[in-house]
Amino acid sequence: MRRTRNLIVTVAALGVLGGSALVVKGFLNDGTGGTDGGALAGSFQNVPTASPTPTGPSPEELAAIERAKRVKALDAAMKKYASGKPEFSVAVLDHKSGESYAYRGEEKYETASVVKVQVLACLLLTAQDAGRSLTGGERTLADKMIRYSDNASTTSLFGKIGKYNGLTACNKRLGLTETKVSSSWGLTRTTVNDQLKLLTELADEKSELTEASREYAHKLMGTVAPDQDWGVTAVADTGEKATVKNGWLQRSTESNLWIINTVGRVTDDDTDVSIAVLSHTNKTMPGGISLVEKAAELTRAHLKY
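Quick caveat: nothing in here was measured; it's all calculated off a predicted structure.

1. Topic: the sheet that holds strand β5 (residues 241–251)
- What the five strands build is an open sheet, ordered β2-β1-β7-β6-β5; its pairing is antiparallel. The sheet is open, and its two edges are formed by β2 (100–103) and β5, each paired on a single side. Mean inter-strand twist for the sheet, computed between neighbouring axes without regard to direction, equals 5°.
- Relative to strand β6 (residues 257–267), β5 is paired through 11 bridges, and the arrangement is antiparallel. Within β6, the residue paired with Arg251 across the bridge is Leu257.
- Each of β1 (88–94), β2, β6 and β7 (272–282) touches helix α8 (residues 192–201); the most contacted strand, β7, lies at about 145° to it.
- In this fold helix α9 (residues 211–221) packs onto β5 and β6, with an angle of close to 65° to the strand it touches most, β5.

Printed below as a string of structure tokens:
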């Protein structure tokens, strides 16, 4: 704006100077200067001044405005979809932008088998603390636990990391402040907010988990058995990579209704998003799968990641 104003004044001054040359010529022609002197003074007095040019919102401000609109629309879509449905929560974190979203982020749910990601993270930390890699036996158990959701393998690794006390201490170290471990590991209670924290530990270079540990977890969660390839993976577009760990449990204390949970990550050159969806009181397992996938898909449709 300052440069524009200077340019206007400069042009105006040049115009005035041109006019003054004519005035001087008039002086020389008629030998008087009263009238032409007044014209010269008037020329300076009538120089127009530039009005300030409004700059408008910055690109960052425009992006924030657009983000707020999308979040508002997503909130409305979630509330509409949740009407008459089993209870669920969903949260996403865009690792590229740092932006996050949560719908009912602090509600607690029983984990079922998604707790196995916590067990894996704690197993890797335990090995790191001892300055060693996982043993062949630990790798075999971890493979079965994550890729096939094998319960016996999980129970064995739960014992190796110190059971209730060990997993509780590990969760505290990982920042999972809203997760309460159960001695029956599948009944551990957590929130989607805490699950995003855990997923971040598996993705972030600043994590206590080493790059090798993170890559190992990513590999296991990216190669789950075909019959468990649902949930977060449904959000991925063609060409994108997806990792996932699902949990499902028909709960006797809830009239044999189903807990259906999914956590994971979608990545490619332009996308890096972690997603967690937790739900319970689903009438059937297929119905619960449809519920969590739709909730995850709504976040992508509105947030445009």
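Back to the text.
2. Describing the nonpolar core
- By size, the foremost hydrophobic cluster in this structure holds 41 residues, and its most contacted members are Leu120, Leu124, Ala142, Leu157, Leu167, Leu174 and Tyr216.
- Every element with two or more residues in this core is listed here: β1, α4 (115–129), α5 (136–147), α6 (151–160), α7 (163–173), α8, α9 and β7.
- Per element, the largest residue contribution to this core is 10 residues, and it comes from α4.
- Excluding its chain neighbours within four sequence positions, the residues that come into contact with Leu124 are Leu134, Leu209, Ser213, Tyr216 and Ala217.
- With 29 residues, the next largest nonpolar core counts Met78, Ile275, Ile289 and Val292 among its residues.

Procedures and definitions
- Note on numbering: residues in each chain are counted from 1, in written sequence order.
- Given that the model is predicted, a residue must reach a pLDDT of at least 70 before its local features are reported, and side-chain atom pairs must reach 80 or more before they are shown or counted; all residues, however, enter totals for whole chains, interfaces and linings.
- Hydrogens and waters are ignored; side-chain quantities use all the structure's heavy atoms.
- Between any two strands, pairing holds if DSSP finds at least two bridges.
- Helix and strand definitions follow DSSP, with helices as H or I runs of at least four residues and strands as E runs of at least two, each counted in order from the N terminus.
- In this analysis, axes come from line fits to C-alpha atoms, helices being fitted only over the stretch in contact, and the angle between any two N-to-C directions falls in the range 0 to 180 degrees.
- Contact between two residues is taken to exist if any of their heavy atoms lie within 4.5 Å; hydrogens are not considered.
- Nonpolar cores were defined as sets of buried Ala, Val, Leu, Ile, Met, Phe, Trp, Tyr and Cys residues, with membership established by side-chain atoms within 4.5 Å.
- Relative accessibility under 20% of the residue-type maximum defines a buried residue, over 50% an exposed one, and the middle range a partly exposed one, all with a 1.4 Å probe and only protein chains included.

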